[in-house]
Amino acid sequence: MALDLQQIQRVAKLARLDVDPARAQRYAQELGAILELVDRLQAVDTSGVEPLLHPVGMVQRLRADVATESDHRAAFQAVAPAVDSGLYLVPKVIE
Amino acid sequence: MHEKSIKELSAALRAREFSSRELTQHFLDRITALDARLNSFITVTAQRALDQADAADKRFATGGDLPRMLGIPIAQKDIFCTQGVRSSCGSRMLDSFVAPYDATVVHKLHAEAGAPMLGKCNMDEFAMGSSNETSFYGPVKNPWDTARVPGGSSGGSAAAVAASLAAAATATDTGGSIRQPAALTGLTGIKPTYGRVSRYGMIAFASSLDQGGVIAHSAEDAACVLGAMVGFDERDSTSVDRPSEDYVAALDKPLAGLRIGLPAEYFAEGLDAAVGDAVRAAAKVLEELGARCTEVQLPHSMLSVPAYYVIAPAEASSNLSRYDGVRYGYRAANAGTLEEMYRRSRAEGFGAEVQRRIMIGTYVLSHGYYDAYYLQAQKVRHLIAEDFARAFEQVDVLLGPTTADVAFMLGEKTGDPVSMYLNDIYTIAANLAGLPAMSLPCGFKEVGGHELPIGLQLMGPHFEEARLLNVAHQYQQATDWHRRRPAGFE
Amino acid sequence: MDAIVVDSPWEAVIGLEVHCQLSTHSKIFSSATAAYGAEPNTQACAVDLGMPGVLPVFNAEALRMAVMFGLAIDATIAERCMFDRKHYFYPDLPKGYQISQWKLPIVSRGHLDIEVDGVAKRIDITRAHMEEDAGKSLHDAYPHMTGIDLNRAGTPLIEIVSEPDMRSAAEAVAYLKKLHQLVVYLGICDGNMQEGNFRCDANVSVRRRGAAGFGTRSETKNVNSFRYVEHAIEYEINRQIEVLESGGKVVQETRQFDPGSGQTRTLRVKEDADDYRYFPDPDLLPVICERETIDAIRAALPELPEAKRERFQRDYGLSAYDAATLTAERALAEYYEQVVTASGADAKLCANWVSTDLLGALNKAGQDIAGSPIPAVALAGLLKRIADGTISGKIAKDVFEAMYAGEAHGDGAADAIIKARGLVQITDTSAIEAAVDKVLAENPAQLEQYRAGKDRLFGFFVGQVMKATRGKANPALVNELLKRKLAG
Ligand SMILES: [Mg+2]
Ligand SMILES: [Zn+2]
C-alpha cells in the first residue's frame with residue numbers, strides 16, 4: 001500500500017515532524033514498503049479473537065491515595081531548555 | 001582479572017585477593033585502552049565507579065551478608081536513567097538530559113547490590129535498530145570483526161562485554177535487542193518474562209514489549225546479574241508481584257527428562273545453513289545431557305514481524321510524544337512559534353529511523369486505520385501467544401536460532417529498513433507473547449578470515465527464566481563456545 | 001439578548017461535558033499532592049512532568065469516587081474498564097497525550113432529573129470517564145512567551161458527558177446545578193468553580209422545531225460559572241439562529257465565552273487534523289471493579305439530595321420549598337439536623353430560623369453555611385430558650401444578632417447573652433398585671449375609644465405593655481391579661 005505525499009504531510013503534521021519535500025518522497029517509499037510488510041496481517045482471519053494488549057494477563061494494581069512526593073522543582077528545571085520564576089517557557093501560544 | 005567469571009570475581013573480592021577498586025580501575029583502564037576501536041560507551045563514569053568500588057571495599061571489610069554483585073563493575077545501557085549522569089538513550093534529543101532520578105534497575109544494581117557502574121553503553125537511538133547504527137553517538141563495532149555490526153539495539157552493552165570492558169552489562173529487549181546482539185558477539189543474554197524487571201526509569205520504546213535484562217559471558221554470570229535486577233516495583237503498574245528466585249542455585253539441576261521443542265518454522269527457508277547446523281548440533285549436545293528433542297509447530301510465527309511493526313511503532317509514536325522541547329531535552333534554536341518549535345525540535349532531535357517509526361506509528365493509529373492495523377495486530381499477537389501456549393503443553397523449552405545469520409557489515413542494511421527489520425524474525429515472537437527468552441553462543445562461522453559467533457535461542461513459558469538459565473548453564477558446562485574471546489580483546 | 005421564544009420556528013439542542021476534579025489527596029497516576037494554589041511547578045513530580053522512563057500507577061480513591069458518582073446517577077458501572085491515551089500537542093500537556101478513557105469508561109448510561117418552571121425532565125448521561133487534568137498555560141505573564149505551570153497536571157478528573165437532551169439555557173443550568181450539588185454532596189468534588197474544580201463545555205446546536213436530525217454544533221469551552229453558562233448558551237442559540245436565518249451555515253468549531261462582552265468567539269475550527277489517535281495505554285492494565293466492591297461503595301453512599309428532601313418533608317413536616325432550601329447543600333442540611341436534634345425545638349421553628357434568619361445573614365455577608373459564625377449547637381441553644389419560654393421570639397432576634405456579631409461564643413452563647421442583657425422573659429402574672437394596669441391608667445382616651453368598639457387599638461396596648469416591660473413580658477400572658485382588663 002503506497003502513501004501519497006499528501007498523506008505523508010498529514011501524518012508528519014500530526015506527529016509534529018518537519019518533513020521537507022525530499023524526505024517526504026523517501027518516506028512515501030519507505031513507509032509504503034513497511035506497510036506492504038504489515039499488510040500481511042490483513043489476510044489473517046481473526047474473527048472471535050480478542051486483542052492481546054498485555055502479554056502477561058494481569059490487572060491494574062491500585063495505589064493508596066497518599067501524597068508522598070516532595071518538591072524537586074530545582075532539580076527538574078535544571079534540565080529544562082527555558083524557565084523563569086518556576087515556569088517553563090515556550091514561544092507564545094497564539095489562540 | 002577481566003577473564004574471570006562473576007562468581008570467581010566475587011570469591012576473589014571476598015578473599016581480598018584484590019579490591020573492588022583495583023578491579024574497577026582495571027576495567028576502566030581497558031575501556032580507555034580499547035573502546036576507541038568499538039565506541040561501546042557513550043559516557044564513562046570513572047569517578048562514580050571508583051567511589052562505588054570504595055564503598056564496596058568497605059563492606060567487604062565489614063563482612064556480614066554481602067550481595068553477590070557487590071564490587072563487580074558493570075555497565076548500564078544508556079536507556080536506564082541514572083541520577084546525575086547523562087541518560088541519552090542514544091539520541092540527540094536527550095544529549096543534554098542528566099536524569100534527576102535513578103531507574104529502579106540502576107538503584108537495585110548499584111545502591112542495593114553494590115556493583116560499581118563503569119558507564120553508560122551506546123545503543124540504537126531509543127532502542128530502535130538492530131545494528132547500533134542509529135545512535136546519535138555513532139555506530140558500535142563488533143569486537144569479533146570491527147567492520148561488522150554488534151547487533152542492536154543493545155550493541156554497546158554487547159560489544160563492551162564481548163571485549164571484556166565490563167563484567168556484564170544491562171540491556172533491554174523490545175524485539176530482540178538483548179538476544180540478537182548477544183548472538184552476534186558470542187555472549188549470553190537473557191530477556192526475562194515481561195514484568196519481571198521494573199521498567200521504571202527505563203526510557204520507553206514500546207511499553208507492552210520492552211523488558212530489561214542482561215548481557216554477560218555465561219548463563220552463570222547472567223544469573224548473578226539478573227538475580228539482582230528482578231523484583232516487584234510499585235512504581236511500575238506492569239511489574240509482576242512474585243517472589244524473586246535464586247537463579248544461581250537453580251543452575252545445577254540436571255537436564256534428564258527435559259522436553260525441548262524445535263519450532264519447524266524457525267528452521268525453514270531463510271536460515272543460514274551454518275547457523276542451522278550449529279543450532280541442531282547444540283540440540284544434540286542437550287540430548288546427550290538427558291533432554292529429549294521434538295519438532296513443534298508455531299503456525300503464526302511468521303506473522304510476528306508484521307504484527308510487531310504495527311504495535312511497536314504505534315506505542316513508540318505515543319511514548320515519544322513527550323519529547324517536545326518544553327521541559328527537557330533538545331529544543332531547536334530560534335523557533336518563532338510554538339508549532340515551529342515542536343516540528344523543528346523533533347525533526348532535529350530525532351534521527352531518521354526514530355522519525356520513520358514515529359511516522360508509521362502515527363499512521364497506523366490515525367483515524368480510519370486503528371482497527372485495520374493496531375487492533376488487527378493485537379489480535380494476531382493473541383494467535384501468536386496461543387501458539388506458544390499450545391507448544392508449552394508438549395515441551396518445557398523451545399530451541400532455535402537467534403538470528404538467521406552471523407553479524408553483517410556496517411552499512412550493509414542501513415538503506416533498506418525492511419531487510420533490517422527482518423533481522424528480528426526469530427526473536428520478536430517472545431516479546432509479543434511476553435515470554436522469557438535468551439541467546440547463548442553455540443558455534444562460529446568463518447567469514448572473510450573472521451570467526452563470527454552463532455547464537456542459540458531458548459524460550460520458555462512465563463516466569464521460567466530459571467529453567468532457561470539452567471539449560472543454558474548445563475550446555476555451557478559441556479561446551480566452551482562462551483569462553484572464546486575476540487582477538488585483540490583477550 | 002432575548003431568550004428563544006416559544007413560537008420560534010427554531011429549537012435549541014444542548015449537551016454538556018463537565019470536567020469535575022476529584023478531591024483526592026494525591027494525583028490520579030502519581031503520588032504528588034493534588035492541592036490547589038502552590039507555587040508554580042512545585043507540585044509536579046517526575047510522573048506529572050512526563051519525564052523519560054517514568055510510569056503511571058492508578059489511585060484507588062479516584063476509582064472509588066468515580067464509582068460513587070456512577071451509582072448516584074443510577075448508571076452502569078463497568079466491572080472492567082481501561083485507560084486510553086488521547087494524543088495532542090500542547091505545552092501544558094506534558095506527555096503529548098492525556099491518559100483518559102475512550103472505549104471502556106468506568107460509568108455509562110445514567111441520568112439526572114431536573115425541574116424547570118415546575119416541569120420535571122430527565123436528562124440522560126451518556127458516560128463519565130476518568131482522566132488526568134492538564135497543567136495551566138499563562139499567556140499574559142510574558143510578552144513573547146507563554147509560561148507553563150504543571151501543578152494541576154495529573155489531578156484526577158471525571159468527565160461527565162450528557163446526551164443532547166436539553167432544549168434551553170435554563171434547562172442546561174438546572175442540569176449543571178443539579179450535577180454540581182450531587183458531586184459536592186457525594187464529597188467527591190470541592191465544587192469551587194473559580195478554582196476550576198467544576199468546568200463546563202457546552203455543545204449547542206439549533207434545528208427547525210420538529211426536525212429529527214441535529215444541526216451543526218459549536219462547543220464553547222471551559223465556562224466557569226452558572227451565570228456564564230446561561231449567557232454563553234443563550235448567546236450561541238441566538239447567534240446560530242441569526243446565521244441560519246440569514247442563509248448561512250453554522251461551522252463546527254470550538255468557541256470561547258468572554259464574560260466581559262457576554263459573547264462567544266471562535267477559538268479554533270475543527271480540522272481533519274484533530275485526530276487523537278486513541279489506543280489503550282500500555283503502561284496501565286485493565287481496571288477491575290468487582291461486584292462486591294461496587295456493592296460496598298453503594299452501601300456507603302451518603303443520602304442524596306432528593307432522598308434527603310423527601311425525608312425532611314416527611315419527618316420534619318417541612319414544606320417542599322423549605323425542604324429544598326435546607327437540602328440544597330449537604331453542609332446546610334447537616335447543620336439544620338444538628339439544630340433540630342440539639343435544641344429539641346419544633347422542627348418547623350428550626351427550619352424558619354435556619355433558612356430565614358441564618359441564611360439571610362449569611363447571604364448578606366456573602367458567606368455560605370461553612371462560614372457561619374454561629375455553630376449549629378449554639379443556634380440550638382437559642383431555640384431551646386424560645387421553646388422553654390425563657391425568651392420570646394422577638395427577643396430571640398436580638399440575641400441572634402448579638403450571637404452573629406460575636407458578642408458571645410461557644411455552645412452557651414445564647415444563655416450568656418440573655419443573662420448579660422437581662423432578657424429573661426417575665427412570666428410572673430402579677431408583674432405583668434401591674435404593667436397592664438399602669439398602661440390602661442396612663443391612656444384613658446385610647447381605653448375609651450377601644451371600649452367604644454375600636455378593636456384595632458388592641459395592638460397599641462400590647463405594644464405599650466411590651467415597652468413597659470422592655471420586651472420581656474411573655475406575649476401570650478400579655479394578650480390574655482389585656483383582653484380580660486380591656487373587657488372591663
Ligand atoms: Mg471532551
Ligand atoms: Zn476531558
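Counting restarts for each chain, with residues numbered from 1 along the sequence as it is written. Chains carry letters from A onward and ligands carry numbers from 1 onward, assigned in written order. Where totals are concerned, whole chains, interfaces and linings use all residues; where local detail is concerned, this predicted model gives features only for residues with pLDDT of at least 70, and gives and counts side-chain atom pairs only at 80 or more. The side-chain quantities take in all heavy atoms of the structure and omit both hydrogens and water.

Draft legend 1. Broad picture of the overall build of chain A. Every helix listed is a DSSP run of H or I at least four residues long, and every strand listed is a run of E at least two residues long, numbered separately from the N terminus. Within chain A one finds 3 helices and 3 strands. Reading the helices (α) and strands (β) of chain A from amino to carboxyl end gives α-α-β-α-β-β. Atoms considered for the radius of gyration are the C-alpha atoms alone. The globule rule reads 2.2 Å times the number of residues to the power 0.38. Radius of gyration (C-alpha) of chain A: 22 Å, far over the 12 Å computed for a compact globule of 95 residues. Projected onto the principal axes, the alpha-carbon positions of chain A cover approximately 55 × 45 × 25 Å. Total accessible area on chain A stands at roughly 4,800 Å², and carbon and sulfur atoms take up 53% of it. Of note, chain A has its 10 positive side-chain charges centred 4 Å away from the centre of its 13 negative side-chain charges. Accessibility throughout is a Shrake-Rupley quantity obtained with a 1.4 Å probe, and a residue counts as covered only by protein chains that appear here. The charge count includes Lys and Arg as positive and Asp and Glu as negative, but it does not include His or the ends of the chains. Charge coordinates come from a single atom per side chain, which is NZ of Lys, CZ of Arg, CG of Asp or CD of Glu.

Draft legend 2. Here's a closer look at the coordination of the magnesium ion (ligand 1). Within the protein, the atoms that donate to the magnesium ion (ligand 1) are C:Glu17 (OE) and C:Glu159 (OE), at distances of 2.5 Å. For C:Glu17, a relative accessible area of 16% gives the class buried. Only N, O and S atoms count as donors, using a 2.8 Å cut-off from the metal and 3.2 Å for Na, K and Ca, and because water is excluded some sites may appear unfinished. A 1.4 Å probe rolled over the protein chains alone gives each residue an accessible area, and that area as a share of the maximum for its type sets the label: buried under 20%, exposed over 50%, partly exposed in between.

Draft legend 3. Structural detail: the coordination of the zinc ion (ligand 2). Residue and element names in this part refer to chain C. With distances of 1.9 to 2.0 Å, the protein atoms coordinating the zinc ion (ligand 2) are His19 (NE2), Glu131 (OE) and Glu159 (OE). Of note, the zinc ion (ligand 2) draws all its donor residues from one chain, in the sequence arrangement H-x111-E-x27-E. The distance between the zinc ion (ligand 2) and the magnesium ion (ligand 1) comes to 4.2 Å, with Glu159 serving as a donor to both metals. Within this pair, whereas His19 is found in strand E1 (residues 10-21), its partner Glu159 is found in strand E11 (residues 156-162), the two being separated by 140 residues in sequence. Side by side, His19 and Glu159 carry an identical accessibility label, which is buried.

Draft legend 4. Structural context of the interface of chain B and chain C. Any two residues whose heavy atoms approach within 4.5 Å are treated as being in contact. Taken together, the contacts link 39 residues of chain B with 30 residues of chain C. Note on terms: buried area is the combined drop in 1.4 Å-probe accessible area of two parts once they are placed together, counting the loss on both. For the pair chain B and chain C, the summed buried area comes to about 2,800 Å², and 60% of that belongs to carbon and sulfur atoms. Salt bridges, as used here, are contacts in which a Lys or Arg side-chain nitrogen is within 4 Å of a carboxyl oxygen on Asp or Glu. Scanning the region where chain B abuts chain C turns up 1 salt bridge. For C:Asp283, the salt bridge goes to B:Arg199, with nearest N and O atoms at 3.1 Å. In protein, a polar contact means a hydrogen-donor-capable atom and an acceptor-capable atom, both N or O and within 3.5 Å, with residues adjacent in sequence counting only if both atoms are side-chain atoms; elsewhere, any N or O pair within 3.5 Å suffices. Scanning the region where chain B abuts chain C turns up 17 residue pairs in polar contact (both at pLDDT 80 or more). Elements supplying a minimum of two residues to the side of chain B that touches chain C: helix H9 (304-319), helix H10 (338-349), helix H11 (352-365) and helix H12 (370-394) of chain B. The element contributing the most residues to the side of chain B that touches chain C is H9(B), with 4 residues. Ten residue types, Ala, Val, Leu, Ile, Met, Phe, Trp, Tyr, Cys and Pro, are classed as nonpolar, four, Asp, Glu, Lys and Arg, as charged, and the remainder, Gly among them, as polar. Of the residues that constitute the side of chain B that touches chain C, the class distribution is 18 nonpolar, 11 polar and 10 charged.

Draft legend 5. Representation of the interface of chain B and chain A in the model. Residue-level contacts link 74 residues of chain B with 50 residues of chain A. Interface area, chain B with chain A, both sides summed: about 5,300 Å², of which 69% is carbon and sulfur. Connecting chain B to chain A are 3 salt bridges. Note that A:Arg16 and B:Glu339 form a salt bridge whose closest N and O atoms lie 2.9 Å from each other. The tally of links from chain B across to chain A stands at 18 residue pairs in polar contact (both at pLDDT 80 or more). When contributions to the side of chain B that touches chain A are tallied by element, the ones reaching two or more residues are H9, H10, H11, H12, helix H13 (417-421) and helix H14 (428-433) of chain B. In terms of residue count, H12(B) provides more of the side of chain B that touches chain A than any other element does, 12 residues in total.

Draft legend 6. Structural context of helix H6 (residues 320-327) of chain C. Of all the residues in H6(C), the buried ones are C:Asp322, C:Ala323, C:Leu326 and C:Thr327. Each buried residue of H6(C) sits inside an arc of 120° when the element is viewed along its axis, so together they form one side. What the arc covers is the set of directions going from the helix axis to the C-beta atoms.

Draft legend 7. Fine view of helix H5 (residues 155-162) of chain B. Residue and element names in this part refer to chain B. Burial within H5 is extensive, with 8 of its 8 residues counted as buried. At its buried positions, H5 is contacted by strand E1 (41-44), strand E2 (74-77), strand E3 (117-121), strand E4 (169-173), helix H6 (179-184) and strand E6 (211-216). One or two steps after H5, the chain reaches Ser164, where phi turns positive at roughly 55°.

Draft legend 8. Region of interest: unusual backbone geometry. Residue and element names in this part refer to chain B. Omega for the peptide link from Gly152 to Ser153 comes to 10°, which places this bond in the cis form. As for its position among the elements, Ser153 is in the loop between E3 and H5. The phi dihedral of Asn132 is positive, around 60°, even though this residue is not glycine. Within the secondary structure, Asn132 sits in the loop between E3 and H5. Using a relative accessible area of 0% as the deciding quantity, one classes Asn132 as buried. One non-glycine residue, Phe463, adopts positive backbone phi at about 70°. Relative to the assigned elements, Phe463 resides in the loop between strand E11 (450-459) and helix H15 (465-478).

Draft legend 9. Focus on the pairing of strand E5 (residues 84-87) of chain C. All names here are of chain C. The two faces of E5 match: Asp84 and Lys86 on one face and Arg85 and His87 on the other face are all buried. Whether two strands pair depends on DSSP finding at least two bridges between them. In this structure, E5 lies alongside strand E6 (residues 97-100), joined through 4 bridges in antiparallel fashion. Each residue of the ladder has a partner; that of Lys86, found in E6, is Gln98. In terms of strand pairing, E5 meets strand E16 (residues 279-280) through 2 bridges, oriented antiparallel. Paired with Asp84 across the bridge in E16 is Pro280.

Draft legend 10. A look at the side chain of B:Gln474. All names here are of chain B. You can see Gln474 is positioned in helix H15. In this structure Gln474 comes out as buried when scored by relative accessible area, which is 14%. The residues contacting Gln474, other than those within four sequence positions of it, are Leu251, Asp252, Lys253, Leu255 and Leu289.

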